[in-house]
Number of protein chains: 2
Amino acid sequence: MLREERYNYIVNEVKIRNRVLLTDIARKLNVSEDTIRRDLNHLDEQGKIKKVHGGAISSSFHLYSYREDQIYAHEHKSTIATKAVKLLHENCVVLMSGGTTNLELARLIPDNISLTVFTPSLPVAMQLIAHPLVETIFIGGRLSKDAQIALGGDAIRTLSHLKADILFMGTGNLDLESGLTEFDWEVVQLKKAMMESAKKTVVLTISEKINSSQRFKICATSEVHTLITELETSHTLLAPFREKGLELM
Amino acid sequence: MLREERYNYIVNEVKIRNRVLLTDIARKLNVSEDTIRRDLNHLDEQGKIKKVHGGAISSSFHLYSYREDQIYAHEHKSTIATKAVKLLHENCVVLMSGGTTNLELARLIPDNISLTVFTPSLPVAMQLIAHPLVETIFIGGRLSKDAQIALGGDAIRTLSHLKADILFMGTGNLDLESGLTEFDWEVVQLKKAMMESAKKTVVLTISEKINSSQRFKICATSEVHTLITELETSHTLLAPFREKGLELM
DNA sequence: GCAAATTTTGTAAAATCGTGCAACTTCCCT
DNA sequence: AGGGAAGTTGCACGATTTTACAAAATTTGC
């Protein structure tokens, strides 16, 4: 791996995630932490990123793009994404919502699989165009500053012309009775439209979000086909969902 | 194996993979590493590739270049963007194409100005959502992996419903007779559509791109309203454009 | 204020680079 | 055809760069 490739990788990661850990990059790229440290220092001098204790952040880092859950439960999200990758097969048409779990999924798509992916999420799209074989179609619209996804009529209209094989739906709260819920009304509208545009809905969520609910409802629990969490499928927390007919992973 | 054949092989390999290792090529072509090193140096001088420690990367990916001319070019782009900012006024509707000059412009928009910006460029959009008052609308479509912008029918269709006050058109080659030209046919289609969706077209370009042309034509010189370069408006290079009726900055 | 994590500094090994040079090929001129 | 000039290639060797490891200094979180 050339040094320039590492630079490339790091700048891209920072751009997408706003934040990277030094140890994570070192492990991912199979080089020593010292090397990454030198890289970060160099990229900082170039002004491409801002180096901080323990890693780096975007040099144009703003509070608006900072979200608490972006740094939370990364291990779990990675586990979930690994499971979700198994549902992909050659040449299928995929729809992906936003959120860090989907971002992780986008990152873990194997290099040799060919897909068409639709997404309204800016970070997910950035990640996808780095993949050699994935054709990425961005669902345009008014961009939400904090969620970094396209919302509103344009996005929903685009979705209405589309039928994907599978939808990966990122974070949201899932409760047996309340169903799938969200805090933001516009996001609810978008996610509803996404569900209608896909043959099959896969919900990716960390177990914390299970048995909790938010203000607005996206759909009933039974409308979800598959549920992926970081837990074993045999975990008692998940039993009620299996009874409802959901496939678990 | 002739030298020109090696050149071809190397340039092609770089184009396809975005990177090559010196040792790999030497082994593959059955010549000494020194020879390949000489080849890489030569191709770098020609600007065909960018040589780095241990191999080479694509020169169009000059994100992390130390070469002075490109640092200069960045200075120029910054100068251009600074001038372009002056054309913005409160609550106007802006259309921005891709390219690093536009990205710089997005970065330099003052924090206290309120705008609506439409763009098909992923990096520009990422930059814009960091701005507190700019409402950003992403023009969706199939994403080009190298230009990182949305292309194709979807994007053009979206544009047809839009009328912006001003269009900032990034890099392209400008020649008095050939007009505004581009290398990529699909980009030409998009830029044409963008021009039709704006009352006024402002071309942002470094002086190097003036009096040169590419394969495909976007429009005639006279269809451009304003031309912004890093040069003084009195520069002789620009005189013919003023005579054509273009406003200079 | 302490323990853990991170950074800095120094060092040594490995990889890569630049240069000079000799052997070889190609081209050009007679 | 032959001879010489010019260019190309592979090798040797010292210089430079890059990398990993280790120990000391610093920062962070509790």
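Everything numeric here is computed off the predicted structure, so don't read it as measured data.

Criteria and cut-off values
- Position labels on residues start from 1 in each chain and follow its written sequence.
- The naming scheme follows written order: chains are lettered A onward, ligands numbered 1 onward.
- Predicted model: local features are reported for residues with pLDDT of at least 70 only, side-chain atom pairs are reported and counted for 80 or more only, and whole-chain, interface and lining totals are derived from all residues.
- With hydrogens and water excluded, all non-hydrogen atoms of the structure serve as input to the side-chain values.
- Throughout, the edges of the domains are those of an automatic or database domain assignment.
- Between two residues, a contact is recorded if the distance between any of their heavy atoms is within 4.5 Å.
- In this description, buried area is defined as the sum, over both parts, of the accessible area (probe of 1.4 Å) that is lost when the two are combined.
- Think of a salt bridge as a Lys or Arg side-chain nitrogen and an Asp or Glu carboxyl oxygen that are within 4 Å of each other.
- Distance and chemistry together define a polar contact, namely a pair of N or O atoms within 3.5 Å, with one atom able to donate a hydrogen and the other to accept it when in protein, and with adjacent residues in sequence counting only for side-chain atoms on both sides.
- Only runs of H or I of at least four residues qualify as helices and only runs of E of at least two qualify as strands under DSSP, and these elements are numbered from the N terminus.
- Polarity classes work like this: nonpolar for Ala, Val, Leu, Ile, Met, Phe, Trp, Tyr, Cys and Pro, charged for Asp, Glu, Lys and Arg, and polar for all others, with Gly in that last group.
- Here, strands pair whenever DSSP counts at least two bridges between them.
- Convention used here: a crossover is right-handed provided that the path from the first strand, over the helix, to the second strand proceeds clockwise when the strands point away from the viewer.
- Pairing of aromatic side chains here covers Phe, Tyr and the six-membered ring of Trp, requires ring centres within 6.5 Å, and sorts the geometry by plane angle: under 30 degrees stacked, over 60 edge-to-face, intermediate tilted.
- The buried label goes to any residue with under 20% of its type's maximum accessible area, the exposed label to any with over 50%, and the partly exposed label to all in between, with areas taken from a 1.4 Å probe on protein chains only.
- In this scheme, the term charge over a ring applies when either NZ of a lysine or CZ of an arginine sits within 6 Å of the ring centre and within 35 degrees of the ring normal.
- We call a residue near a molecule or strand when any one of its heavy atoms sits within 4 Å of it.
- Of all possible arcs, the one meant is that of the directions from the helix axis to the C-beta atoms.

(A) Examining the domain arrangement of chain A more closely. Residues and elements named next belong to chain A. Examined at the domain level, chain A breaks down into domain 1 (3–61) and domain 2 (69–248). Its C-alpha centre places domain 1 at a distance of 28 Å from the equivalent point of domain 2. Residue-level contacts link nine residues of domain 1 with eleven residues of domain 2. Taking both partners together, domain 1 and domain 2 bury about 850 Å²; carbon and sulfur atoms supply 45% of that area. Run the count over domain 1 and domain 2 and you get zero salt bridges. At the surface where domain 1 touches domain 2, the tally comes to one residue pair in polar contact (both at pLDDT 80 or more). Among the elements that make up the side of domain 1 that touches domain 2, the one with the highest residue count is helix α1 (residues 3–17) (six residues). Residues of the side of domain 1 that touches domain 2, tallied by class, amount to two nonpolar, two polar and five charged.

(B) Geometry of the pairing of strand β5 (residues 116–119) of chain A. Residues and elements named next belong to chain A. As paired elements, strand β4 (residues 93–96) and β5 share three bridges and run parallel to each other. Along β5, the bridge assignment pairs Leu-95 with Phe-118. In terms of handedness, the path from β4 via helix α5 (residues 100–108) over to β5 forms a crossover that is right-handed. Sheet analysis places β5 next to strand β6 (residues 135–138), joined by four bridges and oriented parallel. Following the sheet pairing, Val-117 is matched in β6 by Thr-136. A crossover connection joins β5 to the parallel β6 through helix α6 (residues 122–128); in handedness this β-α-β unit is right-handed.

(C) Structural view of the packing of aromatic side chains. Tallied over the full model, the rule gives three aromatic pairs over all chains. Note on Trp-185 of chain B and Phe-216 of chain B: the rings are 5.2 Å apart at their centroids and 70° apart in plane angle, and the pair reads as edge-to-face. On the criterion of sequence distance, the pair formed by Trp-185 of chain B in helix α8 (residues 185–196) and Phe-216 of chain B in strand β13 (residues 216–219) is long-range, its members being 31 residues apart. With relative accessibility at 27%, the residue Phe-216 of chain B sits in the partly exposed group. For Arg-215 of chain A, the ring lying beneath its charged end belongs to Phe-183 of chain A, and the centroid distance is 4.4 Å.

(D) Quick peek at the protein's contact with DNA strand C. Around DNA strand C, the surrounding shell holds 15 residues, and the nearest of these are Arg-37 and Gly-54 of chain A together with Arg-37, Lys-51 and Gly-54 of chain B. Near-protein atoms of DNA strand C (within 4 Å) split between backbone and bases, with sugar and phosphate holding 83%. Backbone polar atom of Gly-54 of chain A to a phosphate oxygen of DNA strand C: 2.6 Å apart, as the coordinates give it. Taking Lys-51 of chain B, its side chain carries an N or O atom lying 2.9 Å from a phosphate oxygen of DNA strand C. Elements represented by at least two residues in the surface near DNA strand C include exactly β2 (49–52) of chain A together with α2 (22–29), α3 (33–45) and β2 (49–52) of chain B. Element by element, the count of residues in the surface near DNA strand C is highest for α3 of chain B, at three residues. Of the residues contributing to the surface near DNA strand C, the split by class is four nonpolar, six polar and five charged.

(E) Quick peek at helix α7 (residues 152–160) of chain A. Residue and element names in this part refer to chain A. Among all positions in α7, only Gly-152, Ala-155 and Leu-159 are buried. For α7, the angular spread of buried residues about the axis comes to 55°, placing them on one side. Across α7 from its buried face, at more than 90 degrees, point the exposed residues Arg-157 and Ser-160. Packed against the buried residues of α7 are β4, β7 (141–143), β8 (150–151) and α8 (185–196).

(F) Broad picture of the protein's contact with DNA strand D. Of all residues adjacent to DNA strand D, which total 16 residues, the nearest are Arg-3 and Thr-35 of chain A together with Arg-3, Arg-6 and Thr-35 of chain B. Backbone atoms, meaning sugar and phosphate, form 62% of the atoms of DNA strand D found within 4 Å of the protein. In this structure, Ser-32 of chain A approaches DNA strand D through a side-chain N or O atom, which is 2.8 Å from a phosphate oxygen. Here a base nitrogen of DNA strand D and a side-chain polar atom of Asp-34 of chain A are 3.2 Å apart. Mapped onto the surface near DNA strand D, the elements with two or more residues apiece are α1 and α3 (33–45) of chain A together with α1 (3–17) and α3 of chain B. The residue inventory of the surface near DNA strand D, partitioned by class, reads two nonpolar, six polar and eight charged.

(G) Expanded view of the interface of chain A and chain B. Each partner contributes to the interface: chain A provides 36 residues, whereas chain B provides 36 residues. With both chains or domains summed, chain A and chain B bury close to 3100 Å², and 64% of this area falls on carbon and sulfur atoms. Contact with chain B buries surface across chain A, with Leu-2, Ile-129 and Lys-145 of chain A losing the most and accounting together for 21% of the total. Along the contact surface separating chain A from chain B lie one salt bridge. The shortest N-O distance in the salt bridge between Glu-5 of chain A and Arg-19 of chain B comes to 2.5 Å. Here chain A and chain B share nine residue pairs in polar contact (both at pLDDT 80 or more) between them. When contributions to the side of chain A that touches chain B are tallied by element, the ones reaching two or more residues are α1, α3, α6, β6 and β7 of chain A. Classifying every residue of the side of chain A that touches chain B by side-chain character gives 17 nonpolar, ten polar and nine charged.

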